Amino acid sequence: MTVREFSEATGIGAAEILKALLKGGVIANINQQIDYETAAVIAADFNLETTEHVPEKLASLVESIDEVMAAEKPENLRPRPPVVTIMGHVDHGKTKLLDAVRSTRVAEGEAGGITQHIGAYQIEVQNRKISFLDTPGHEAFTAMRARGAQATDIVVLVVAADDGVMPQTLEAISHVQAAHVPMIVAINKIDLPAANPDRVKQQLTASDVIVEDYGGTVPCVEVSARQKINIDGLLEMILLVADLEDLKANPDAPAVGTIVEAELDKNRGSVATVLVQNGTLRAEDNVLVGSVAGKIKIMFGDSGKRLRFAEPSTPVEILGLEGVPQAGDILQVVDDLHIAREIALQRQRQYRMEMIASTRGPSLDDLFDKIQQGQVKDLNVILKADVQGSIGAIEHQFNQLNVNQSEVQLRIIHRGTGTITESDVNLAVASHAIIIGFNARPDPAARRAAEQQGVDIRFYNIIYQLTDDIKKAMVGMLEPEYKEITEGYAEVRNTFRLPSREIVAGLYVSDGKVQRNLSVRVLRSGVVIYDGKIGSLKRFKDDVREVQAGYECGLIVEGSNDIEVSDTMEFYRTEKVEPVM
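Residues numbered from 1 in each chain as written. Predicted model: local features only at pLDDT ≥ 70, side-chain atom pairs only at ≥ 80, totals over all residues. Heavy atoms only, no water.

Undergrad: How would you explain the overall build of the protein chain if you had to name every residue and give the values?
TA: The number of helices and strands found in the protein chain is 16 helices and 29 strands. Expressed as a percentage of its 581 residues, the buried residues of the protein chain come to 50%. By sequence separation, contacts in the protein chain at least 24 residues apart represent 71% of the contacts at least 6 residues apart. When the accessible surface of the protein chain is summed, it comes to about 28700 Å², and 48% of that surface belongs to carbon and sulfur atoms. (Helix = DSSP H or I, 4+ residues; strand = E, 2+ residues; numbered from the N terminus. Buried < 20%, exposed > 50% of the residue type's maximum accessible area, 1.4 Å probe, protein only. Contact = heavy atoms within 4.5 Å. Areas by Shrake-Rupley, 256 points an atom, 1.4 Å probe, with all protein chains shown as cover.)

What follows is the structure, given as structure tokens:
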């Protein structure tokens, strides 16, 4: 309640309440809301007793779609269309495939062309509907999943028949497997002379994606988006997988859905695309979306046509929200707009911080405590190394640890070589994983994302040290001694050889700063080539102690002559950390 309402309810003057709040370190005005804990403390100062009362309409609000579906009675559920996301490597034909699927609907006789107004659309095949989410890729898919929104029923993984499995393909596979979502492989570009579908299937098998042709469970369809070959076969396979999943919802319930995307339009105000997942959403409904409330004024379908209602698995664009929600927010229809606005105000202060806290990744330091409390059964690990051989050796060690430990099992959800990227950090957030870099380092964007999201990244160059640390964490004996703090990054723009045979690297400081007393790593394609000390740091002909981002300098790395143009240098220092027990 507000300070004014609290004053009226208790008979205490508003000025006295504001004075009491000020003593407690809370600066407020008469119209500001205070929570129950604050009100109880102030009431106690005036010898008044309080009890907390939560209105039933407030208590009935949900936090996730899973809660809604768990509460539904089986007899009320009806079959619903599947929701499909298309993912894959860049240039493998995701957009072309989406266009080919969209044009299928026009070919089946729907009047007029299709205008793509929103990031989701629905088509009709064999008198059945399929909804497609047009996301930018696995980053958006994982970002929504990190916020608790499992909006996708089936993922179609697009792989080019001439190009095969590429790094982004492997990343997409890891994200889909971590989400436990059914996958269909679409081998695209089979019309090209260089197409080799069998090679693609073999490469997928190496990534634990075993297609049905090879005795596995993953359906595989060969298509050509450009020539529109076998698009119908892909759509039929989607319907078949949907039948096996037995997707159902209750169309008669108040609507609950997930925000796919939202923006502030200068002409129309707040515009949000929502995927209805249960119930039926209607124009004029009062809704609560995360920390935003509103009344739906107008609803549009994906073709721009105005709608009066939207049933489960239907994507619609809505106008009328009083703010811009975030992708992944839960939309829920409520009876009372006034109550929805009150909750929205409370959530604006607390909801964001709670969501961030809930998505923070685990740390090796507190792993044992969580094991003791029964919170951790699996330790998810993202493993990045310099070479494939290192990954195999580490996996072998992890398997030995799994055999010897019963309380917690190590699970590698993604493995790869090269730089630790922002995509790896996003996957760690969504899967509550830690990232292990074996002779591999993060790029600046990944480092910043890890710091913001609280993702634990550990770096090693000795396998036994890595396995010892994880073993100690599993039995509650981890004793971290030093913490690395990265101060800056620089790019090697040129190299010069001195008469003494030493190599001088001409650098451009791209991020942070370079200091004379820092340690330095030389990175080539994200892999550590050398780790040592700075021998000399100069700007023009002068020795300097520090060079900031945006400036150039010359540097000698002690003991290393293997420096090439386009290498990256990472500058860091170590700090002693007291053991956390």
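Undergrad: I'd like to hear about the side chain of Thr258, residue by residue, with values.
TA: Structurally, the position occupied by Thr258 is in strand E9 (residues 256-265). At a separation of 2.4 Å, a polar atom in the side chain of Thr258 contacts the side chain of Gln277. (Polar contact = N/O pair within 3.5 Å; in protein donor to acceptor, adjacent residues only side chain to side chain.)

Undergrad: Break down helix H8 (residues 167-179) for me, with residues and values.
TA: An ideal rise of 1.5 Å per residue puts 18 Å on 13 residues; H8 measures up with 19 Å between its terminal C-alpha atoms. Remark: His180 follows H8 within two positions and exhibits a positive phi of approximately 55 degrees. (Expected span 1.5 Å × (residues − 1).)

Undergrad: So what's going on with the packing of aromatic side chains? Residues and values would help.
TA: Tallied over the entire structure, the rule returns one aromatic pair. For the pair Tyr121 and Phe132, a centre-to-centre distance of 5.5 Å together with 15 degrees between the ring planes defines the contact as stacked. Of this pair, Tyr121 sits in strand E3 (residues 120-125) while Phe132 sits in strand E4 (residues 128-133), placing them eleven residues apart in sequence. Its relative accessible area of 2% is what places Phe132 among the buried residues. Here the basic side chain of Arg441 rests over the ring of Phe459, its NZ or CZ set 3.7 Å away from the ring centre. We note Arg521 situated over the ring of Tyr572; from NZ or CZ to the ring centre the distance is 4.0 Å. (Phe/Tyr/Trp six-rings, centres within 6.5 Å; stacked < 30°, edge-to-face > 60°. Lys NZ or Arg CZ within 6 Å of the ring centre and 35° of its normal.)

Undergrad: I'd like a rundown of the pairing of strand E13 (residues 292-300), residues and numbers included.
TA: In this sheet, E13 lies alongside strand E12 (residues 286-289) in antiparallel orientation, the contact comprising four bridges. Bridge pairing in E13 places Val289 opposite Val292. Hairpin remark: E12 followed by E13, antiparallel, with two residues in the connecting loop; positive phi at Gly290, about 60 degrees. Pairing geometry for E13 and strand E16 (residues 315-321), over four bridges, is antiparallel. Considered in E16, the bridge of Ile298 is made with Leu319. Sheet analysis places E13 next to strand E14 (residues 306-307), joined by two bridges and oriented antiparallel. Considered in E14, the bridge of Phe300 is made with Arg306. (Pairing = 2+ DSSP bridges.)

Undergrad: Give a description of the environment of Gly257 that names residues and reports values.
TA: Of note, Gly257 is situated in strand E9. Among the residues examined, Gly257 registers a relative accessible area of 0% and is labelled buried. Placed 56 residues apart in sequence, Gly257 and Ser313 show a C-alpha to C-alpha distance of 8.8 Å. Excluding anything up to four places from it in sequence, Gly257 contacts Ile65, Val274, Leu275, Val276, Gln277, Asp329, Ile330 and Leu331.

Undergrad: Give me the packing of helix H1 (residues 3-10) against helix H2 (residues 14-23): which residues, what numbers.
TA: At a closest axis distance of 9 Å, the pairing of H1 and H2 adopts a crossing angle of 120 degrees. When the axes of H1 and H2 are compared, the pair comes out oblique. As H1 packs across H2, the resulting crossing turns out to be right-handed. Taken together, the residues of H2 that come into contact with H1 (itself represented by Val3, Phe6, Ser7 and Thr10) are Ala14, Ile17, Leu18 and Leu21. Taken together, the residues that form the contact of H1 with H2 break down as six nonpolar, two polar and no charged. (Axes fitted to C-alpha atoms, helices over the stretch in contact; angles between N-to-C directions. Parallel < 35°, antiparallel > 145°, perpendicular 65-115°, else oblique. Left-handed = near helix turned anticlockwise from the far one by under 90°. Nonpolar A, V, L, I, M, F, W, Y, C, P; charged D, E, K, R; others polar.)

Undergrad: Tell me about the sheet that holds strand E19 (residues 409-417), and please be specific about residues and values.
TA: One open sheet accounts for four strands, arranged E19-E18-E20-E21; its pairing is parallel. The two strands at the open ends of the sheet, each matched to only one other strand, are E19 and strand E21 (457-460). Within this sheet the neighbouring strands show an average axis-to-axis angle of 25 degrees, counted without direction. Pairing geometry for strand E18 (residues 378-385) and strand E20 (residues 433-438), over six bridges, is parallel.

Undergrad: Any details on the nonpolar core? Residues and values, ideally.
TA: One finds Leu97, Ile130, Phe132, Val156, Leu234, Leu235 and Ile238 to be the most contacted residues of the largest nonpolar core, which totals 28 residues. For this core, the secondary structure elements donating two or more residues are strand E2 (83-88), helix H6 (94-107), E3, E4, strand E5 (154-160), strand E6 (183-188) and helix H10 (231-245). Setting aside its immediate chain neighbours within four residues, Phe132 contacts Val84, Ile86, Val101, Ala120, Tyr121, Ile123, Leu235 and Ile238. Of all hydrophobic cores here, the second largest spans 20 residues; its members include Ala161, Val165, Ala179 and Met183. (Core = buried A, V, L, I, M, F, W, Y, C linked by side-chain atoms within 4.5 Å.)

Undergrad: Which residues make up the pattern of salt bridges, and what values do they have?
TA: Between side chains of opposite charge, pairing is possible as soon as their charged atoms come close. Applying the stated criterion across every chain yields a total of 25 salt bridges. A salt bridge links Asp213 to Lys201; the nearest nitrogen and oxygen atoms lie 2.6 Å apart. Here Lys201 lies in helix H9 (residues 197-206) and Asp213 lies in the loop between H9 and strand E7 (220-222), a separation of twelve residues in the sequence. Under the relative-accessibility criterion, Asp213 is labelled exposed at 54%. Between Arg268 and Glu317 there is a salt bridge; the shortest N-O distance is 3.2 Å. Here Arg268 is found in the loop between E9 and strand E10 (269-278), whereas its partner Glu317 is found in strand E16, with 49 residues between them in sequence. Arg268 gets classed as partly exposed once you look at its relative accessible area, which sits at 37%. With relative accessibility at 6%, the residue Glu317 sits in the buried group. Three or more residues joined by partner-sharing salt bridges are found here, namely Arg441, Glu484, Arg521, Asp531 and Glu570. (Salt bridge = Lys/Arg side-chain N within 4 Å of Asp/Glu carboxyl O.)

Undergrad: I'd like to hear about the pairing of E9, residue by residue, with values.
TA: Relative to strand E17 (residues 330-334), E9 is paired through three bridges, and the arrangement is antiparallel. Looking at E17, one finds that Thr258 is bridged to Ile330. The pairing of E9 with E10 spans nine bridges and is classified as antiparallel. Considered in E10, the bridge of Ile259 is made with Val274. From the end of E9 to the start of E10, which pair antiparallel, there are three residues.

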